[in-house]
Every structure is written in C-alpha cells, then in structure tokens.
Amino acid sequence: MQQPIMLHLINDELIIGEIDQLPNPSDQFMIVHNARQPDGSAPVFLQEDVTTILIPWHQARMVQLLPGTGIEEVIGFVRE
C-alpha cells in the first residue's frame, strides 16, 4: 500500500504524492509517485507523462506523512 506524503522542497515548492515505503537512512533520494501540486496540477518542472520522480534528500526540507486510506475505510461495514 502506498503512503501519501506532502514533500516540502528547499526552494519552497510543495509536492503531494505517494511513496511505496518509508526510506532507509542510507537512501540518497526518495521515490515519489503521482507527484502533484496542492491544487492537483502537475509541478511546473515536470513534463506531462511523468508519473514517478526521484527527489534527492539534499533538496527536501521536510516530509509529512499524511493519513492513508486503510482497507477498513475502503470496504466499510458489510451487512449480510
């Protein structure tokens, strides 16, 4: 399951996307899928068909882990 994140870059860009897993301390970059701006549009530095980007750690100021949608929230209560 992908974890939604909010990534604050050093140049004050804000990117919302998903990661597959939390990065290890030895990783040099973070792999972000479905990167978008808070308004839903693509970041200005990405081309149209790009769905996955690699963000180097020295460009990240802060990463916020957003609450994800668990399987319980997707299925909900089922009445038989």
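Rules and cut-offs
Residues numbered from 1 in each chain as written. Predicted model: local features only at pLDDT ≥ 70, side-chain atom pairs only at ≥ 80, totals over all residues. Heavy atoms only, no water. Helix = DSSP H or I, 4+ residues; strand = E, 2+ residues; numbered from the N terminus. Buried < 20%, exposed > 50% of the residue type's maximum accessible area, 1.4 Å probe, protein only. Polar contact = N/O pair within 3.5 Å; in protein donor to acceptor, adjacent residues only side chain to side chain. Contact = heavy atoms within 4.5 Å. Pairing = 2+ DSSP bridges. 1 Å grid on protein atoms, 1.4 Å probe; cavity = no way out; pocket = protein on both sides within 12 Å on 5 of 7 lines; lining within 4 Å. Points joined across faces, edges and corners; volume = space filled by probe spheres on them. Nonpolar A, V, L, I, M, F, W, Y, C, P; charged D, E, K, R; others polar. Salt bridge = Lys/Arg side-chain N within 4 Å of Asp/Glu carboxyl O. Core = buried A, V, L, I, M, F, W, Y, C linked by side-chain atoms within 4.5 Å. pLDDT = per-residue confidence, 0-100. Axes fitted to C-alpha atoms, helices over the stretch in contact; angles between N-to-C directions.

Digging into the side chain of His33
Next, step 1: Looking at the element boundaries, His33 is found in strand β3 (residues 29–36).
Next, step 2: For His33, a relative accessible area of 16% gives the class buried.
Next, step 3: Among the polar contacts made by the side chain of His33, one reaches the side chain of Asp20 at a distance of 3.0 Å.
Next, step 4: Sequence-distant contacts of His33, defined by excluding residues within four places in its chain, comprise Gln2, Gly17, Glu18, Asp20, Thr51 and Thr52.

Regarding the pairing of strand β1 (residues 3–9)
Next, step 1: Burial within β1 is extensive, with six of its seven residues counted as buried.
Next, step 2: Sheet topology note: the β1/strand β2 (residues 14–19) ladder contains six bridges and is antiparallel. Bridge pairing in β2 links Gln3 to Ile19.
Next, step 3: Counted between consecutive antiparallel strands, the loop separating β1 from β2 contains four residues, among which Asp12 sits at a positive phi close to 70 degrees.
Next, step 4: Judged from the five bridges that link them, β1 and strand β5 (residues 60–65) form a sheet pairing that is antiparallel.

Considerations on the layout of surface pockets
A water-sized probe rolled over the atoms picks out the places where empty space is left.
Next, step 1: Taken as a whole, the largest pocket holds about 190 Å³ of empty space.
Next, step 2: Lining the largest pocket, in full, are Ile19, Asp20, Gln21, Leu22, Pro23, Asn24, Asp27, Phe29, Met30, Ile31 and His33.
Next, step 3: With four residues, β3 is the largest single contributor of residues to the lining of the largest pocket.
Next, step 4: Class assignment of the residues belonging to the lining of the largest pocket gives a composition of six nonpolar, three polar and two charged.

Quick look at the pattern of salt bridges
Next, step 1: In the structure shown here, the tally under the stated rule is two salt bridges.
Next, step 2: Between Asp12 and Arg61 there is a salt bridge, with the nearest N and O atoms lying 3.2 Å from each other. Placement of Asp12 in the loop between β1 and β2 and of Arg61 in strand β5 is noted, with a sequence separation of 49 residues between them. Here Asp12 and Arg61 have matching classes, each one exposed.

Considering the nonpolar core
Next, step 1: In this structure, Ile5, Leu7, Leu9, Ile15, Ile19, Met30, Val32, Ala35, Leu46, Ile53, Ile55 and Ala60 together form the largest nonpolar core, which totals twelve residues.
Next, step 2: Where this core is concerned, the elements lending two or more residues are β1, β2, β3 and β4 (52–56).

Here's the deal with the confidence of the model for the chain
Next, step 1: Taken residue by residue, the chain gives an average pLDDT of 84. The fraction at 70 or more is 85%.
Next, step 2: Counting interchain partners and residues more than four positions distant, the pLDDT-below-50 stretch residues 70–76 has two contacts.

Brief notes about the sheet that holds β5
Next, step 1: The five strands are arranged β4-β3-β2-β1-β5 in an open sheet whose pairing can be described as antiparallel. Among the strands making up the open sheet, the edge pair consists of β4 and β5. Neighbour to neighbour, the strand axes of the sheet diverge by 45 degrees on average, direction disregarded.

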